[in-house]
Amino acid sequence: MAWGALLLFGILSFFELEMEELPEAASTVITVVSELPGFPAEEIESLITIPMENTLSGIRYIKDMESVSKRGYSRVLLHFDWGADMYQSSISVRECIDGLYPYLPRGMKKPLVMSNDLAGDPVIMLAVKALENNDEKDFYSILNSEIKNRLQGLDEIAYVSIRGLKKPEIHVELDMDALSVRGISIAETASALSSFLIKKTAGKITDRGIQRLVTVESGINTAAEIEELQLFPGIRLKDIAEIKEESEQQGSIFLSNGELAWGFCIYKNASSGTAKAADAVKNILPLLKDEYSGRLGFQIIDDESVRIKKNISSLFLSLFWGLTGAFLVLLLLYRQLSPALITAASIPFTLILNFFFLYIFKISLNTISLYGMIAAIGLIADNSIIVLHELEKGEDIQNINSALFTSTLTTVIVFLPPLFIPGPTSVLFGDLVLTVVFTVGLSLPVSLFFTPACYRLLNKKLTVSYVPLHVNPPSSHCNKVKSCYFKVLNTFLSQGRFSAKALYIFILIFLSGMVLLKVIPFELFPDRQSNKLLLSLSLPPAYSPGRVIAEASSISTKIQAEFPLNTIIMESEGSDRNNFSFSSSNMNIGDSNQLNILIINEKRISPEMKKAIHNFCRNTLYLQNCRVEPLPGTFQKLYPEDKGISLASIDSDTLYELPLPPGTSESGDSKMELYYLETDPQRLIASNISPLTIHTELTARINGLSAGEVERAKDKINILVRAAERYRSDFSSLSRMITAETAAPLDLLGKFMKSSHRDAFYRKNQQYIRSISSIRTEDKGVLEEELKSYLPPEISILKDEETEMHQLTYLYALSLVFLFLILGVQTGSLRKTLILYSSLVPAIWGGLIFLLIFRQSLNIYSFLGLLILQGTIVNSGILLLSSLDGSFKQGRSIQQGAACRLKPLSGSCLSTVTALIPVLITALLSENGEAGMALSLIGGLLFGTMLVLILLPAFYQNLVLLNGK
């Protein structure tokens, strides 16, 4: 009944667990964004970026600093050490900016400080399309106020970002000839218009003892009312301007399968799970469809929860079939239903109890934690099999309590070091480690109490001392296996001298294992085949919004006609600073028309299709500056891997003027054409006009001046006053521009020149960076070797420290040291510790063999498998060594002591391998690189258990018995 109560807690906890694909990670990046519209990249860098870097570099715990300077825009990324107090770090960043702000260019807004969230991908992306032929401005209030607020008001949702939505504006297009005749400037017109568009407080009056506020409002809200205003004596606004209701020019463009739409990117709260947040949105979506039926169409174009639920369901299905296979293996091993049923029942029972601890420690159900539970099946079955084996022999289970406790404690302690290592390794391994620790810890009381209780209930004739009245004799197959095992042991066990055969096999395994480490390719994490692909490219900055839409729609249609893809989402960032594309790590943001093409497919996109899409864009569509990359998930964000080469230099001219080697291309923006007005100082003096005045006039004519706002519904509409399009469409019209102070046109005061300037400057740790890649090969090492003899001494190849690889190596070495110390404490013998330690060699060798056979790499998943294998195989060695000690004390032979553990160790090995086979099949079919974990465990358990059963008794005899304990 007590176990039943605990089981109920586990079941209830399961329904409260959040479902995620991978463990969530805390942010270690702070971004500082600054804007200074109209200024070229060189001035942005010198006026904002470099002073910002110099000021922020003094903050503690900054590991790396990256920056990008583009026309009108600066972005600085601060990468902090793992474990740093990000709250205090953000305060320090804001304090530095407060101190620097007075020294930044006058008129610029205060820099924006943001904390990047590693788990900040939208849980749902909606495409909203207008079903009526209404103007976009008619839907602005509905989309930006009503629908956005409804979605953002959900408890599970943090915020909603709308892509492709442009705010309505009232444009006052001035007739510059009419203004010139009357001697009126654009600034005077904007100032006069703003005096009519007021909403100001006049003060307070006391009315019947109550203070009331008095305000003055113009009451003007429409374009028709504005054009009737008499700004100057005898001059109405419609006499000198044309008033239009249009949308703002700056903003993003969003296309879904070639059609204009509005994209709603919906982000969850940090405390909410992806699945729950997505369900909350999908529950309110039918209400929105009914409410705006016939006007707006809603379509979910991406749902993160679908993939997560699919992956989790696939793992649970694999777990179910694995448990079924393990039960059949145990049934064949025992030839009795009750012990097989008890052992099989102890596995899901322990896993269900584990859900309660996952809930307490706020660990989500993700692929890492589920892999930990699946990999721990062998440890659960191992303890139950040992206890049942002792019960079947009629012995008191207290005789093996010490061995079970020792093996469990050893496994738990060996898995603890990753929890104390800050960084991405701890983030990824944390869920795995805690899951395995909870599972292994629960397996001990389950085997010592739950298993005997079930055995007693299923065997009613059992006496109090657990001595069964009958024990089925072993089958002929078991006798044959046992006899064969005796013969093999007799071959390796010799009297009076060390077994040369066992030593030779061990040395051969060790040396071949070292060769395997060199042969098997290494990658930090495998190429996870996702159903999403991000294609980014830059269109010329001179392209108008209409041409960008046409180009984007054409590219989308051609790609979809060539490849069987479900959804293609295209987004042009334009000058929308609040929009950081589909990827928060994208650095290519500026005034240029950056197109981000998000390809979403129902099935996973293979590397072959990815390469074909890239070649199609480059060779057929002639998009030479395009980049194709999978959307970053947790692994890619924690372990960024760039296959390109970053060249670094303190001199920007030397770096950026370097001709690229043949067969390479530059990643990111390069040079752009810039037109500038070169004034004549003598004529400026004669005209009594300054360059600043000319700049002010040009800015007002091209970009316009804000004259105020009018209220409409719940929104405030900006009024922009500028020259009509025919006065700012080309350089000839600008050259004829006459300033308010003089009648001389600009072409008499100077001339327009054209030059080529770099559109973006990238820096890392206060060095200029230029990233290049090879168009012939994806091998980074080949390109690096070619560059060594090509680069001048002033330019170096930026070497990022492989801290992640060092951390993994340190972690594994630390776990080995911990294992050695714990085994030494528990056994009290250096020789026994070395014997148990030697069992790791054949196990790791078996895991490497399977990785080589199935052509898998040494990656993060296979490392997880080897880490779990380390604890599992040592656990088997401890139980076998305990049996050998007991056999020696009772005067039995080593062969008899080893044979007592043949059945339980083989049963636990085969049951675990059988449980992992469905997981392996699922991973291989998905081609997502996760097969390495199952392969390393299966190979390590099969070869490791077999060789441990053979080599460990031989080492025990020669190192312990013949040489003294």
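In this convention, every chain numbers its residues from 1, walking through the sequence in written order. Local features are withheld for residues below a pLDDT of 70 in this predicted model, meaning they are given only at 70 or higher, and side-chain atom pairs are given and counted only at 80 or more; totals for whole chains, interfaces and linings count all residues. Hydrogens and water are ignored here; the side-chain numbers use all heavy atoms of the structure.

**A short note on the overall build of the chain**
Where we set the bar: Per the convention used, a helix needs a DSSP run of H or I reaching at least four residues, while a strand needs a run of E reaching at least two, with both numbered from the N terminus. A simple rule labels every residue: compare its accessible area, found with a 1.4 Å probe on the protein chains alone, to the largest value its type can have, and call it buried under 20%, exposed over 50%, or partly exposed in between. Note on contacts: a residue pair qualifies if any of its non-hydrogen atoms lie within 4.5 Å across the two residues. Working definition of accessibility: Shrake-Rupley area with a 1.4 Å probe, residue cover restricted to the visible protein chains.
When you go through the chain residue by residue, the secondary structure sums to 33 helices and 29 strands. Expressed as a percentage of the 965 residues in the chain, the buried residues total 53%. Put simply, of all contacts in the chain between residues at least 6 apart along the chain, 80% involve residues at least 24 apart. With an accessible surface of roughly 43,700 Å², the chain has 57% of that area assigned to carbon and sulfur atoms.

**Focus: the nonpolar core**
Let me state the cut-off plainly: Only buried Ala, Val, Leu, Ile, Met, Phe, Trp, Tyr and Cys residues count toward a nonpolar core, and they belong to the same one when joined by side-chain atoms within 4.5 Å.
Ranked by internal contacts, the top residues of the largest apolar core, which has 122 residues, are Leu404 and Leu952. With 16 residues, the top contributor of residues to this core is helix α33 (residues 931–961). Discounting residues that sit within four places of it in the chain, Leu952 has contacts with Ile835, Leu836, Gly877, Leu880, Leu881, Leu884 and Leu947. Leu197, Leu229, Leu237 and Ile719 belong to the second largest nonpolar core, which has 32 residues in total.

**Here we look at the pairing of strand β8 (residues 199–207)**
Our working definition: Note on pairing: DSSP must find at least two bridges between two strands before they are called paired.
When you tally the buried positions in β8, you get zero out of nine residues, a small fraction of the element. Looking at chain direction, β8 and strand β9 (residues 210–217) are connected through eight bridges and run antiparallel. Its bridge partner being in β9, Thr201 is matched across the sheet by Thr215. From the end of β8 to the start of β9, which pair antiparallel, there are two residues, and Arg208 there has a positive phi angle of about 55 degrees.

**Observations concerning helix α3 (residues 86–100)**
Counted only if it meets this: A helix's residues, less one, multiplied by 1.5 Å, set its expected span. Throughout, the arc means that of the directions going from the helix axis to the C-beta atoms. Nitrogen and oxygen atoms within 3.5 Å of one another constitute a polar contact, given that in protein one can donate a hydrogen and the other can accept it, and given that sequence-neighbouring residues count only through two side-chain atoms.
Between the first and last C-alpha of α3 there are 21 Å, a value that for 15 residues agrees with the 21 Å anticipated at 1.5 Å per step. For α3, the complete set of buried residues consists of Met86, Ser89, Ser90, Ser92, Val93, Ile97 and Leu100. For α3, the angular spread of the buried residues around the axis is 160 degrees, confining them to a single face. Counted as exposed and oriented over 90 degrees from the buried face of α3: Tyr87 and Glu95. One side-chain oxygen of the residue at the start of α3 lies 3.2 Å from the amide nitrogen of Tyr87, identifying that residue as Asp85.

**Examining the packing of aromatic side chains**
Just so we agree on the cut-off: Pairing of aromatic side chains requires ring centres within 6.5 Å, counting the rings of Phe and Tyr and the six-membered ring of Trp. Pairs whose planes differ by under 30 degrees are stacked, by over 60 edge-to-face, and all others tilted.
Considering all chains together, one arrives at 22 aromatic pairs under this definition. Considering the side-chain rings of Trp3 and Phe450, the 6.0 Å spacing of their centres and the 75 degrees angle between planes classify their relative orientation as edge-to-face. Highlighted residues: Trp3 in helix α1 (residues 2–14) and Phe450 in helix α15 (residues 424–458), separated in sequence by 447 residues. Judged by its relative accessible area of 11%, Phe450 is buried.

**Let's talk about the packing of helix α13 (residues 377–392) against helix α14 (residues 401–414)**
The packing of two helices is summarised by the inter-axis angle and the distance between the axes. Defined as follows: Note on geometry: axes are C-alpha line fits, over the in-contact stretch for helices, and angles between N-to-C directions span 0 to 180 degrees. The labels follow the angle: roughly parallel below 35 degrees, roughly antiparallel above 145, roughly perpendicular from 65 to 115, and oblique for the rest.
Closest axis-to-axis distance for the α13/α14 pair is 11 Å, and the angle between their directions is 175 degrees. As summarised for this structure, α13 and α14 are arranged roughly antiparallel, according to the angle between their axes. Facing Leu379, Asn383, Ile386 and Val387 of α13, the residues of α14 in contact are Leu404, Ser407, Thr408 and Thr411.

**A short note on unusual backbone geometry**
The backbone of Tyr61 sits at a positive phi, close to 70 degrees, despite the residue not being glycine. Mapped onto the elements, Tyr61 comes out in the loop between α2 (41–56) and β2 (62–70). According to the relative accessible area criterion, Tyr61 is partly exposed, its value standing at 42%. Positive phi outside glycine occurs at Asn765, with the angle close to 50 degrees. Inspection of the secondary structure puts Asn765 in the loop between β27 (760–764) and β28 (767–774). Judged by its relative accessible area of 38%, Asn765 is partly exposed.

**As for the sheet that holds strand β5 (residues 124–130)**
Reading across the sheet, the four strands line up as β6-β15-β5-β16 and stay open at both edges, with antiparallel pairing between neighbours. The outermost strands of the open sheet, each flanked by one partner alone, are β6 (157–163) and β16 (296–303). Between one strand axis and the next, the sheet turns through 25 degrees on average, direction left out of account. Direction of pairing for β6 relative to strand β15 (residues 262–268): antiparallel, over a ladder of six bridges.

**Focus: the pairing of β15**
Within β15, seven of the seven residues are buried, which leaves it mostly tucked inside the rest of the structure. In terms of strand pairing, β5 meets β15 through five bridges, oriented antiparallel. Bridge assignment links Leu126 to a residue of β15, and that residue is Phe264.

**Re a nonpolar patch on the surface**
Operational definition: Every patch collects residues that have over 30% relative accessible area and no salt bridge, joining them within 9 Å if they carry like charges and within 5 Å if they are nonpolar side chains (Val, Leu, Ile, Met, Phe, Trp, Tyr). Salt-bridge detection follows one rule: a side-chain nitrogen of Lys or Arg within 4 Å of a carboxyl oxygen of Asp or Glu.
Residues Leu503, Tyr504, Ile507, Phe510, Leu511, Met514 and Leu517 make up a contiguous nonpolar surface patch of about 680 Å² in total accessible area. Taking the relative accessible area as the measure of exposure, Leu517 reaches 44% and is therefore partly exposed.

**A few points about the environment of Ile397**
Within the secondary structure layout, Ile397 lies in the loop between α13 and α14. Sequence separation between Ile397 and Ile386 is eleven residues; the distance between their C-alpha atoms is 9.1 Å. Each residue touching Ile397, except ones within four places of it in the same chain, is listed here: Val387, Glu390, Leu391, Leu448 and Pro452.

**A short note on the sheet that holds strand β24 (residues 705–712)**
Strands sit in the order β12-β7-β25-β24 across an open sheet of four strands; the sheet is mixed. Of all the strands in the sheet, just β12 (241–247) and β24 have a single pairing partner and so form its edges. With direction set aside, neighbouring strand axes in the sheet form an average angle of 25 degrees. Bridge analysis of strand β7 (residues 168–174) against β12 gives seven bridges, and the strand direction is antiparallel.

**Details of a negative patch on the surface**
Our working rule: Asp and Glu count as negative and Lys and Arg as positive, but His and the ends of the chain are not part of the count. Charge coordinates come from a single atom per side chain, which is NZ of Lys, CZ of Arg, CG of Asp or CD of Glu.
Where like charges cluster on the molecular surface, the negative patch consists of Asp651, Asp653, Glu657 and Glu794. Among the structural elements, Glu794 can be located in the loop between α26 (780–788) and β29 (796–797).

**Thoughts on the confidence of the model for the chain**
To be explicit about the condition: The pLDDT value tells you how sure the predictor is about a given residue, anywhere from 0 up to 100.
Taken as a whole, the chain shows an average pLDDT of 78; of its residues, 84% reach a score of 70 or greater. Across residues 461–472, confidence stays below pLDDT 50; counting only partners more than four residues off in sequence or on other chains, it has 17 contacts.

**Details of the pattern of salt bridges**
A side chain with one charge may pair with a side chain of the opposite charge, provided their charged atoms come close. Scanning the entire structure with this criterion turns up 15 salt bridges. In this structure, Lys282 and Asp303 form a salt bridge, with 2.9 Å as the shortest nitrogen-oxygen distance. Pair noted here: Lys282 is in helix α9 (residues 274–291) and Asp303 is in strand β16, with a separation of 21 residues, a long-range link. Judged by relative accessible area, which is 26%, Lys282 ranks as partly exposed. Taking the shortest distance from any N to any O, the salt bridge between Lys832 and Asp885 comes out at 3.0 Å. Linking Lys832 in helix α28 (residues 830–838) with Asp885 in helix α30 (residues 860–889), this pair joins segments that are 53 residues apart in sequence. Across the pair, Asp885 and Lys832 agree in class, each one buried. Taken together, the shared-partner salt bridges in this structure form one network comprising Asp279, Lys282, Asp303 and Lys309.

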